[in-house]
Amino acid sequence: MDEFITVFQNRQDMLLETTLEHLQISMVSLIIAIAIAVPLGLYLTRYPKAAEPVIGTSAVMQTIPSLAVLAFLIPFFGIGTTPAIIALVLYGLLPILRNTYTGIREVDPALKEAATGMGMNSIKRLTKVELPIAMPVIMAGIRTSMVLIVGTTTIAALIGAGGLGEVILLGLDRGADINLILLGAIPAALLAIFLDLILRVFERMSKKAGIKSFIAMLVVAVLIVVSPFMFNGSKQPDLVIGGKQGSEPEILINMYKLLIEEELDVNVVLEPNLGKTAFLFRALQQGSIDIYPEFTGTAIVTHLEDQAESNNAWEVYEQARQGMKEVYGMEFLEPMEFNNTYAVATTEEMAMQYNLQEIGDLKQIENEITAGFTLEFNDRYDGYVGMREVYDLNIADIKTMEPGIRQNALSNGEVDVIDAYATDSYMIELNLVTLDDPENLFPPYQGAPLMRQDTLEEYPELEAILNQLSGKITDDEMRQMNYQVDYEDRSANDVAREYLINEGLLDN
Amino acid sequence: MIEFKNVTKVYEDGTEAIKDFSLEVREGEILTVIGPSGCGKTTTMKMINRLIEPTTGSIYINDRNIKDYKINELRWNTGYVLQQIALFPHMTIGENISIVPEMKKWSKKETTKRSDELLEMVGLDPSIYKQRKPSELSGGQQQRIGVIRALAADPDIILMDEPFSALDPISRVQLQDDIKKLQKEIKKTIVFVTHDMDEALKLGARICLMQEGRIIQLGEPKQLITNPENEFVKDFLGNRNSPWQITVDHISDKNIDNIIFASTYPAGNYPTQGIYVLVDESNNFVKLLVNGETVNGKTIEYDMTLYDATELLEDSDQPLFPVLKEQKVVGVLTYRRIFGYLKSKADKENGVIR
Ligand SMILES: Nc1ncnc2c1ncn2[C@@H]1O[C@H](COP(=O)(O)OP(=O)(O)O)[C@@H](O)[C@H]1O
Ligand SMILES: [Mg+2]
């Protein structure tokens, strides 16, 4: 508990900001969902034949996992708030649509007939009779949708839309830090409760004041919520640099920014902590980000769907550079020194007990140990698939899990070996041992700036600027910097600046 | 006033609900439409306010085709009372009543005045009931509101589709009495659909008896009773008509032996023996003459049921009662007539009296 309070105090500013973002994204999505679903639902009550296919479609949309929807939207809308809101709106449609439709349809036919018989036209009947009677049902749909949206908005952080998901993702990234996760999750729940309360008040007021004032209130709400967006858009960035989840990419992109702004008069905006690799790559292709640091190994294996032809770091880089240029028309500048390759890691005790030095040494205990691998590692050739082939391993028990929680599982003794990234900071904190890879199964994973050709054509100076980092930053330096951000709570910007100054790349 | 000319209605599924139907509803009358379930009563009625459109033929109101009226105005001027009552549950009683006046753009003051007036007319205190929600009222009270909601904007025509059939017997009789009373005051043209013969007889100035989409007999209640067109009419009346429910004008003695004109005896030298009813030139009741003496005497309204009439007669030793319709003497009721009538109605089967 004390720990939680400390975390809360340290992160107050971030919490406030992300809560506001969360509120804003959820509200805008909810209001758009209402603005689409209520009229559509009303329309469908007049044309019931169309109702089934339309409601069916929106039901199908809700079954698509939110991550898939986001991935699907990036090529069209890039990253950031817009695709997040679109995805959330798609999610929120169904409950409102269905409740509006059934709410109106279930109004007693005798009441509809009475209204018509008294000489109300279709619109009057709707606003004076059907809507007020169906209101509780419609509002129930809106509230369901609201809870759904507020919950799903946590995913929006994966594509740089912000919100409380940022805090939760950070917690997951920091080895499933329970306090950080709670710090994100509790306000999200409170937000849902708070909005539910507001909606109830809204409903009560509309009952008293009628449908017209309800619509008026809705318009006011839209204006209040949307206006910050309108003023925000004024300053367009020249370059957007994205980064994957975690401290390492964040430190790197801060270095890029510092170096670029030192030399060029451009406005660089950073989008750190973006979700999965595929999201970033699509966003780069689509143009909502211009540069992000990618690993040479990932470029070959994931983007080019190929295998490294060599285990020499420079040759791997050359293969990646040429491939990215030919296939995607992208420029891959020179890599830094550190090699964040996959590694198989275990605890010091384990290594001592069984005298483990190489990956192949696991063979002798393959039936007794449990491995904790990421889904991705488990499924890749330069991962466990290759380990089986090259080192003839067949580990009896494998648990797949999110990257952020492997190290805890290992230190808790739930698993005995994990896959790790060579420069991850917990290697230091938890005193882990990495097993050698004499067969060079894991290709080098060196970080280097990846960008579209047109970006480089527009800013040719970028090549010289960013290549200043070429061959810089050793494994150990990178690990130390990650450690400072993850465990000493320093900001990525400070750490990046300090390094550049020490290296003489940046004036004080 | 309302005229159906060769109207037919065939529903989409091919049901022939109304077959070559012609009917005239007179201004200011209550016409009760009755017949077995599914004979087309509701269809007939809903064609008047265009909730249902005829397949062929036309309907006229005041000699103008109803299609030539603006549909809203047609409906504003045609009050509509449903069997399901159908008060809007989210509105107060006051709001329910004000709907049509508001659509007709009456001023607030007028609307308020009108709804207070109507509430008082059906015996509900406006200061208490106007703010209530329909669910706070009993079924009978609700349908009273249903009726005055239909009356609110002072329409010329009122359509009622089995309005009282969902109510308990006591409320039903009360509301029937209310309608009769109202009709006397407001003189609307009312089309009243019912499947209850007693109700049809009690309320209808004329009764339209339907079967399978056609009119079988149209006429005043007593015509149906005294001159049934065929077995179907007889069955329909017989099955449902308790002898006690008949209205007194059907059994009163129309023989004028006991009625004398006051003007025939200018000096007041009336006959000194016997009982007579004194009337003036226009047949208005003046007094009762008992053995040469004039007394006020008790009179009976022509549309009173026999049952109600006997209650009145019970504590009177008057042997003869004038039956009045709007003060005019239309007949005389005596105990002998009542006995005769009741005996004629008693079913005797195999020597067993039921
Ligand atoms: N919407 C409809 N579609 C098809 N048939 C109908 C419809 N409404 C009524 N009918 C049929 O038309 C006939 C007359 O119905 P209705 O006017 O409701 O009779 P009533 O009111 O006398 O009981 C019945 O046979 C009924 O089943
Ligand atoms: Mg009916």
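If you're wondering where the values come from, they're calculated on a predicted model, not measured in any experiment.

### With respect to the overall build of chain B
In terms of helices and strands, chain B carries 12 helices and 19 strands. Referenced to the eigenvectors of the C-alpha coordinate spread, the extents of chain B come out at roughly 70 × 50 × 40 Å. The buried share among the 354 residues of chain B stands at 47%. Contacts in chain B between residues far apart in sequence, at least 24 positions, make up 62% of those at least 6 positions apart. When the accessible area of chain B is evaluated, it comes to approximately 17600 Å², of which 46% is carbon and sulfur surface.

### Quick word on unusual backbone geometry
Residue and element names in this part refer to chain A. A positive phi is found at Glu305, a non-glycine position, where the angle reads about 50 degrees. Relative to the helices and strands, Glu305 resides in the loop between helix 12 (296–303) and helix 13 (313–328). Phi at Ile473 is positive, roughly 65 degrees, even though this residue is not glycine. Among the structural elements, Ile473 can be located in the loop between helix 20 (461–466) and helix 21 (475–488).

### Overview of the domain arrangement of chain A
Residues and elements named next belong to chain A. Partitioning chain A into domains gives domain 1 (2–231), domain 2 (239–314 + 324–335 + 451–502) and domain 3 (342–435). When each unit is reduced to the centre of its C-alpha atoms, the spacing between domain 1 and domain 2 is 36 Å. Contacts between the two partners involve 18 residues from domain 1 and, on the opposite side, 17 residues from domain 2. For the pair domain 1 and domain 2, the summed buried area comes to about 1400 Å², and 59% of that belongs to carbon and sulfur atoms. Applying the counting rule to domain 1 against domain 2 returns 0 salt bridges. There are 3 residue pairs in polar contact (both at pLDDT 80 or more) connecting domain 1 and domain 2.

### Section: helix 7 (residues 122–152) of chain A
Counted at 1.5 Å a residue, the expected span for helix 7 of chain A with its 31 residues is 45 Å, but the 37 Å between its end C-alpha atoms falls short. Its maximal kink placed at Met135(A), helix 7 of chain A deviates by approximately 55 degrees, while the proline Pro136(A) follows within four residues.

### Remarks on the interface of chain A and chain B
In this assembly, 15 residues from chain A lie in contact with 22 residues from chain B. A combined buried area of about 1500 Å² lies between chain A and chain B, and 70% of that area is made up of carbon and sulfur atoms. On the chain A side of the contact with chain B, Glu113(A), Gly117(A) and Met118(A) bury the most area, a combined 37% of that side's loss. Put simply, chain A and chain B have 2 salt bridges between them. Here Glu113(A) and Lys46(B) are joined by a salt bridge, their closest N and O atoms 2.9 Å apart. At the boundary of chain A with chain B, the tally comes to 4 residue pairs in polar contact (both at pLDDT 80 or more).

### What to know about the sheet that holds strand 2 (residues 16–25) of chain B
Think of a sheet as strands paired side by side through backbone hydrogen bonds, with each pair either parallel or antiparallel. All names here are of chain B. One open sheet accounts for 4 strands, arranged 2-1-4-5; its pairing is antiparallel. Each of the sheet's edge strands pairs with one partner strand only, and the pair in question is strand 2 and strand 5 (64–65). Here strand 4 (residues 56–61) pairs with strand 5 via 2 bridges, running antiparallel. Note that in strand 5 the partner of Tyr60 across the bridge is Asn65. Each of strand 1 (2–10), strand 2 and strand 4 touches helix 1 (residues 41–48); the most contacted strand, strand 1, lies at about 125 degrees to it.

### Focus: the site of ligand 1
Residues and elements named next belong to chain B. Around ligand 1, the surrounding shell consists of Tyr11, Asp13, Thr15, Ala17, Ser37, Gly38, Cys39, Gly40, Lys41, Thr42 and Thr43. With respect to ligand 1, the backbone of Gly40 contributes an N or O atom lying 3.0 Å from an oxygen atom. Between Thr42 and ligand 1, the recorded distance is 2.6 Å, taken from a side-chain N or O atom to an oxygen atom. Bound to the protein, ligand 1 loses 62% of the 560 Å² it would expose on its own. Among the residues making up the shell around ligand 1, the classes are represented as 3 nonpolar, 6 polar and 2 charged.

### Describing the environment of Gln357(A)
Structurally, the position occupied by Gln357(A) is in the loop between helix 14 (348–354) and strand 6 (370–374). Counting along the chain gives 105 residues from Gln357(A) to Leu252(A), while the straight-line C-alpha distance between them is 31 Å.

### Digging into the packing of aromatic side chains
With the rule as written, the count across this model stands at 18 aromatic pairs over all chains. An angle of 70 degrees between the planes, with centres 4.8 Å apart, marks the rings of Tyr342(A) and Phe377(A) as edge-to-face. One end of the pair, Tyr342(A), is in strand 5 (residues 342–347); the other, Phe377(A), is in helix 15 (residues 375–379), and 35 residues separate them in sequence. Under the relative-accessibility criterion, Tyr342(A) is labelled buried at 5%. Assessed through its relative accessible area of 0%, Phe377(A) is described here as buried. These aromatic residues form a ring-pair network of at least three members: Phe295(A), Tyr342(A), Phe373(A), Phe377(A), Tyr384(A), Tyr421(A), Phe442(A) and Tyr445(A). One residue, Arg149(B), lies across the ring of Phe88(B), its end atom 5.0 Å from the ring centre.

### Examining helix 10 (residues 247–263) of chain A
Over its 17 residues, helix 10 of chain A runs 25 Å from end to end, which matches the ideal 24 Å to within 8%, given 1.5 Å per residue. Among the residues of helix 10 of chain A, those classed as buried are Ser247(A), Glu248(A), Pro249(A), Ile251(A), Leu252(A), Ile253(A), Asn254(A), Met255(A), Tyr256(A), Leu258(A), Leu259(A) and Ile260(A).

### Thoughts on the sheet that holds strand 15 (residues 300–301) of chain B
Residue and element names in this part refer to chain B. Read from one edge to the other, the open sheet built from 3 strands follows the order 15-16-17, with strand pairing classed as mixed. With partners counted over all chains shown, the strands left at the sheet margins are strand 15 and strand 17 (328–334), one partner each. Strand contacts of helix 12 (residues 335–345): strand 16 (320–325) and strand 17, with the helix running at about 70 degrees to strand 17, the strand carrying the most contacts.

### Structural notes on a positive patch on the surface
A grouping of Arg204(A), Lys207(A), Lys208(A) and Lys133(B) is seen on the molecular surface, where their side chains present a positively charged patch. Of the residues examined, Lys208(A) reaches a relative accessible area of 75% and is grouped as exposed.

### Observations regarding a nonpolar patch on the surface
Residue and element names in this part refer to chain A. Taken together, the side chains of Ile32, Ile36, Leu40, Tyr43 and Tyr47 make up a nonpolar region of the molecular surface, amounting to roughly 450 Å² of accessible area. Examined against the element boundaries, Ile32 turns out to sit in helix 2 (residues 12–46). Taking relative accessible area as the criterion, Ile32 reaches 33% and is therefore assigned partly exposed.

Quick notes on the rules
Residues numbered from 1 in each chain as written. Chains lettered and ligands numbered in written order. Predicted model: local features only at pLDDT ≥ 70, side-chain atom pairs only at ≥ 80, totals over all residues. Heavy atoms only, no water. Helix = DSSP H or I, 4+ residues; strand = E, 2+ residues; numbered from the N terminus. Buried < 20%, exposed > 50% of the residue type's maximum accessible area, 1.4 Å probe, protein only. Contact = heavy atoms within 4.5 Å. Areas by Shrake-Rupley, 256 points an atom, 1.4 Å probe, with all protein chains shown as cover. Domains from an automatic or database assignment. Buried area = accessible area lost by both parts, 1.4 Å probe. Salt bridge = Lys/Arg side-chain N within 4 Å of Asp/Glu carboxyl O. Polar contact = N/O pair within 3.5 Å; in protein donor to acceptor, adjacent residues only side chain to side chain. Expected span 1.5 Å × (residues − 1). Bend = angle between axes of the 7 residues up to and from the residue. Pairing = 2+ DSSP bridges. Axes fitted to C-alpha atoms, helices over the stretch in contact; angles between N-to-C directions. Near = heavy atom within 4 Å. Nonpolar A, V, L, I, M, F, W, Y, C, P; charged D, E, K, R; others polar. Phe/Tyr/Trp six-rings, centres within 6.5 Å; stacked < 30°, edge-to-face > 60°. Lys NZ or Arg CZ within 6 Å of the ring centre and 35° of its normal. Patch = residues over 30% accessible without salt bridge, like charges linked within 9 Å, V, L, I, M, F, W, Y side chains within 5 Å. Lys, Arg positive; Asp, Glu negative; His and termini not counted. Charge placed at Lys NZ, Arg CZ, Asp CG, Glu CD.

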